[in-house]
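Given next are the chains, with one letter for each unit.
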Amino acid sequence: MSMELLKGMASALALAIATTCVIIFQYPSVYEDALALIRGEDYIFYYPQIFPMLFLFPVVVLVDLFFIISLFLMPVRYKVGDTVKMVVEKLAIPFVLYGGSAIVLGLLVSLVVSIYPLSTHYYKCDSTSVISPESHYARTKEICKERARLRALEWESPGTAEQAAD
């Protein structure tokens, strides 16, 4: 095996692991946060990246499949550059068009969601971070105060929050 083939396989393996981890660990929470907003639950967690990430999910899955398939094609074809070039030439334009439109559509949906449902039907609870734009929203101020009180109890002693909720 040549050094170029080993480097290509190592790169494809690292990228396949990274994209698979994003799919397994990031997307379930994004999906749950979006569903909570769509259902109109009383207490939600919102950040503007939810909708662009949801719309980009098919692209991430296809890129992950590309990395996994390239792992199996590289030893057969021996020419790493030829394999990647062939696939990229066939799929580059559809990926870029769909990815760009998904980002633009996701940003527009995030803007609309930030303006209408969040500002009219929800009250913004205290921000969870100074740096990140993610925030908790509740239907009423009382729900925010109750959640803050339960979090404070949880910080003091972990078992007390469950007893206070009951």
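Each remark here, short or long, concerns the structure printed above.
Here's what I pulled together on the structure shown here. Note that the structure is predicted; figures quoted are calculated from it, not measured.

**Observations regarding the overall build of the protein**
The helix and strand inventory of the protein stands at seven helices and three strands. For the protein, the succession of helices and strands along the chain, N to C, is α-β-α-α-α-α-β-β-α-α. Burial status across the protein gives 28% buried among its 166 residues. Summed over its atoms, the accessible surface of the protein is roughly 11,000 Å², and 70% of this surface lies on carbon and sulfur atoms.

**Some words on the sheet that holds strand β3 (residues 135–138)**
The three strands are arranged β1-β3-β2 in an open sheet whose pairing can be described as antiparallel. Only two strands of the sheet have a single partner each, and these edge strands are β1 (43–46) and β2 (123–124). Looking at chain direction, β1 and β3 are connected through four bridges and run antiparallel. Opposite I44, over in β3, you have Y137 as the bridge partner.

**Description of the side chain of T19**
Checked against the element boundaries, T19 lands in helix α1 (residues 3–39). A polar side-chain atom of T19 sits 3.2 Å from the main-chain carbonyl oxygen of A16. Every residue in contact with T19, bar those within four places of it in the chain, is listed here: V60, V63, D64 and F67.

Parameters at a glance
- Residues numbered from 1 in each chain as written.
- Predicted model: local features only at pLDDT ≥ 70, side-chain atom pairs only at ≥ 80, totals over all residues.
- Heavy atoms only, no water.
- Helix = DSSP H or I, 4+ residues; strand = E, 2+ residues; numbered from the N terminus.
- Buried < 20%, exposed > 50% of the residue type's maximum accessible area, 1.4 Å probe, protein only.
- Areas by Shrake-Rupley, 256 points an atom, 1.4 Å probe, with all protein chains shown as cover.
- Pairing = 2+ DSSP bridges.
- Polar contact = N/O pair within 3.5 Å; in protein donor to acceptor, adjacent residues only side chain to side chain.
- Contact = heavy atoms within 4.5 Å.

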